[in-house]
Every structure is written in C-alpha cells, then in structure tokens.
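# Summary of the model geometry
These are the residues of each chain, in order.
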Amino acid sequence: MSKLPDLEGLAIFAKVAEERSFARAARLLGLSVATVSRSVGRLEDRLGTRLFNRTSRQLALTDMGASLAARASAIYADAEAAENLVLEQSSQPRGLVRLAIPMSFGLRWVTPLLPAFFRQYPDVSIDLHLSDAVVDIVGEGFDAALRIAVLPDSSLVARHLADIGGAVVAAPAYLETHRLPERPADLEPADCLGYAYRPRQDVWRFRSQAGEEESVTPAGKLRVTNVDALLPMVLDGQGIAELPAFIADPYLAEGRLVALVPGWTLPRGALYFVTPSARARPAKVSALLEFLAARLSRPVWS
C-alpha cells in the first residue's frame, strides 16, 4: 500500500455516502459518474473491503463503509475549509507583507504613504526592511522589494514604477576653492565620495550629448552604505557626490548644491516593484503594488 492515503478517493466516497447516489455525487463534484465509480472502486480495492452494497434501485453503506463514512466526511470538510481559507486570504488583501526597500528612498517616499495604505487596507500589516543592501527576496523570505537600478534582476518579476535620474553635485563652498570642471575627466577622484552598494562597483560613468564616454572612480576619504550619509560632507564643501534626484533636487533648487558637468549624463535608473513571481500573487501584495504604483509612478523628482 502507498504511504500516502487516497485523499481524493476518500473525498469522493464521502460525497457518495452523503448523497447515497453516484449520479448526484458526480453532479455536485463536477465529475462523470464513471470517474466517481472508478474512484470508489479503487478505494475499495486499496482497503480490501466493500464500502457499498449496490442494487439496481438502492445504494447502501456496508458496516465497514458506515464506519469509514464519518471520518471521510470529516477529512472532506477539513480539506474544503482549508481551501476556502486560502482562497479567501488570496482574494482579499489580508495578512503580513514582508517588504524590503532602500533606506533613503523609503524614509522619504514610502513611509509617509503608509498611514493612508493602512486606512485603506486595515487587514494588511507590513514588516518593513529598510536597507540599501540588495536582499535575496526568495532566500530571505520577502514578499516584495522596491529596487532602484539601471536594470531589474532578470530572475525576478519587476514592474517599472518610475524613472530616477541623478547628478554629480558639489556645494558652492567647494567651488570657491576648486576649478569648475568642464567634463568628467576634470573631476578630482580624491574629492569624489563613494557609495558601497552601487551596482557593478563604484564607478561614475558619463556620456556626453555627442556620445563620448568618460568614467571616474571615487577615491575620496568617505565611502558609505547609505547615500544620505554623504550630505554633511558635500554640503560642507569637502567633497563631490553622485546623488539620486529624489535626494539632490531640493538642495539644487535651494542653491545649496550645484550640478557639475551638466553637458554629461549618468545612466538613468528606475524604481521597480520586484516580486518572486507574478503567478498567484497574493491579494495583499497586489494591493500594495497598485497602491504604490498609483502614488510613485508620477514622481516630482526628475
């Protein structure tokens, strides 16, 4: 005998026992009468006993069938309840979402949205992981992540939410003591501050409007794992940094920072909502995705 019980056979037997009819049980289960009959026959062969006494006009449980019917019905009911519970949870936004997001972006643009999200979805809770490090979504058990990248991880399902530009910036105080660079090659690497989590190593890659390419490898005295940590040094005139638009724009607008080499552009990144799979995505994750997409797809940053 197989180590696994014949759960399908038990469920079909329970429905036949309840209806006292192969035809009615087949109709309720959406199966053919022949399928129902074969399933019960297979279960009888497996158990080595008859479960029904059949006549042309009547279907009656044997003593062994009557003993089994109550337990088979309980198994059927438990399985049905389990399926209904999962279906309900997957169709209604409910439960815990483990979400990983970059720290600076998350604090500025995601956490302010959460009160409105929880008002709209009171049955959803969020375990929020704030870090610039790229997490292993599948391996670390996350439901989703927001990622800022030039290209999304091709092994995951990524939905583009918005483009995010960036600029290499310095404070007016820095330019008071340093020559204004005309091109990336004029930047002093020793003054360029580094960021540890830049994809494919910490290199600033520029392209001119004419298609020229130049790169700078930061070699400054500060290297960080969070971009906000660069701001005090840059604002004090002690260095140059590459900052995303959602951090740099307010300082540029106030004149506290100046964009350098404006005729050159950096690779344009984007914000992605990343999940392990788009198939059978839980309603709680879909609700969060659509909520964030509606509010972040038309950002104020450039």
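Residues numbered from 1 in each chain as written. Predicted model: local features only at pLDDT ≥ 70, side-chain atom pairs only at ≥ 80, totals over all residues. Heavy atoms only, no water.

### Some words on the overall build of the protein chain
- Scanning the protein chain from terminus to terminus reveals ten helices and 15 strands.
- Referenced to the eigenvectors of the C-alpha coordinate spread, the extents of the protein chain come out at roughly 105 × 40 × 30 Å.
- For the protein chain, buried positions account for 40% of its 302 residues.
- Restricting the contact set of the protein chain to residue pairs at least 6 apart, pairs at least 24 apart contribute 74%.
- Carbon and sulfur atoms make up 52% of the accessible area of the protein chain, which totals about 16700 Å².
- Counting 33 positive and 34 negative side-chain charges, the protein chain places the centres of these two groups 10 Å from one another. (Helix = DSSP H or I, 4+ residues; strand = E, 2+ residues; numbered from the N terminus. Buried < 20%, exposed > 50% of the residue type's maximum accessible area, 1.4 Å probe, protein only. Contact = heavy atoms within 4.5 Å. Areas by Shrake-Rupley, 256 points an atom, 1.4 Å probe, with all protein chains shown as cover. Lys, Arg positive; Asp, Glu negative; His and termini not counted. Charge placed at Lys NZ, Arg CZ, Asp CG, Glu CD.)

### Side note on the sheet that holds strand β9 (residues 204-208)
- Sheet architecture is open: three strands sit in the order β10-β9-β14, paired in antiparallel fashion. Unpaired on one side and paired on the other, β10 (213-216) and β14 (264-265) mark the two borders of the sheet.
- Looking at chain direction, β9 and β14 are connected through two bridges and run antiparallel. Among the inter-strand pairings, Ser208 is bridged to a residue of β14, identified as Trp264. (Pairing = 2+ DSSP bridges.)

### Brief notes about the side chain of Ser208
- Along the chain, Ser208 falls in strand β9.
- For Ser208, a relative accessible area of 10% gives the class buried.

### Brief notes about unusual backbone geometry
- Positive phi, normally seen in glycine, also occurs at Arg20, with a value near 55°.
- On the secondary structure map, Arg20 appears in the loop between α1 (7-19) and α2 (22-29).
- By relative accessible area, which is 42% here, Arg20 ends up partly exposed.
- The backbone of Val261 shows a phi angle near 40°, a positive value even though the residue is not glycine.
- Note that Val261 resides in the loop between β13 (258-259) and β14.

### Here we look at the sheet that holds strand β5 (residues 144-149)
- Pairing in this open sheet of five strands is mixed, and the strands run β4-β3-β5-β15-β6 from one edge to the other. Of all strands in the sheet, those with a lone pairing partner are β4 (124-130) and β6 (157-164), marking the two edges. Each strand of the sheet is rotated relative to its neighbour by a mean of 20°, with strand direction disregarded.
- Here seven bridges tie strand β3 (residues 95-101) to β4, and the two strands are oriented parallel to one another. Residue pairing in the sheet places Gly95 in a bridge with Val124 of β4. (Axes fitted to C-alpha atoms, helices over the stretch in contact; angles between N-to-C directions.)

### Let's talk about helix α9 (residues 245-254)
- Of all the positions in α9, only Ala245, Phe246, Ile247, Ala248 and Tyr251 are classed as buried.
- Its buried side turned inward, α9 meets α5 (103-110), β5, β6, β7 (166-170), α8 (231-235) and β12 (241-244).
- Downstream of α9 by one or two residues, Gly255 has phi in the positive range, about 80°.

### Section: the pattern of salt bridges
- Evaluation of the coordinates by the stated rule reveals twelve salt bridges.
- The salt bridge involving Asp228 is made with Arg108; its shortest N-O contact spans 2.7 Å. On the criterion of sequence distance, the pair formed by Asp228 in the loop between β11 (223-224) and α8 and Arg108 in helix α5 is long-range, its members being 120 residues apart.
- Residue classification places Asp228 among the partly exposed positions, given a relative accessible area of 22%.
- Residue classification places Arg108 among the partly exposed positions, given a relative accessible area of 30%.
- Salt-bridge contacts for Glu214 lead to Arg183; the nearest nitrogen and oxygen are separated by 2.5 Å. Residue Glu214 is located in strand β10, and its partner Arg183 is located in the loop between α7 (172-177) and β8 (194-195); the two are separated by 31 residues in the primary sequence.
- According to the relative accessible area criterion, Glu214 is buried, its value standing at 17%. (Salt bridge = Lys/Arg side-chain N within 4 Å of Asp/Glu carboxyl O.)

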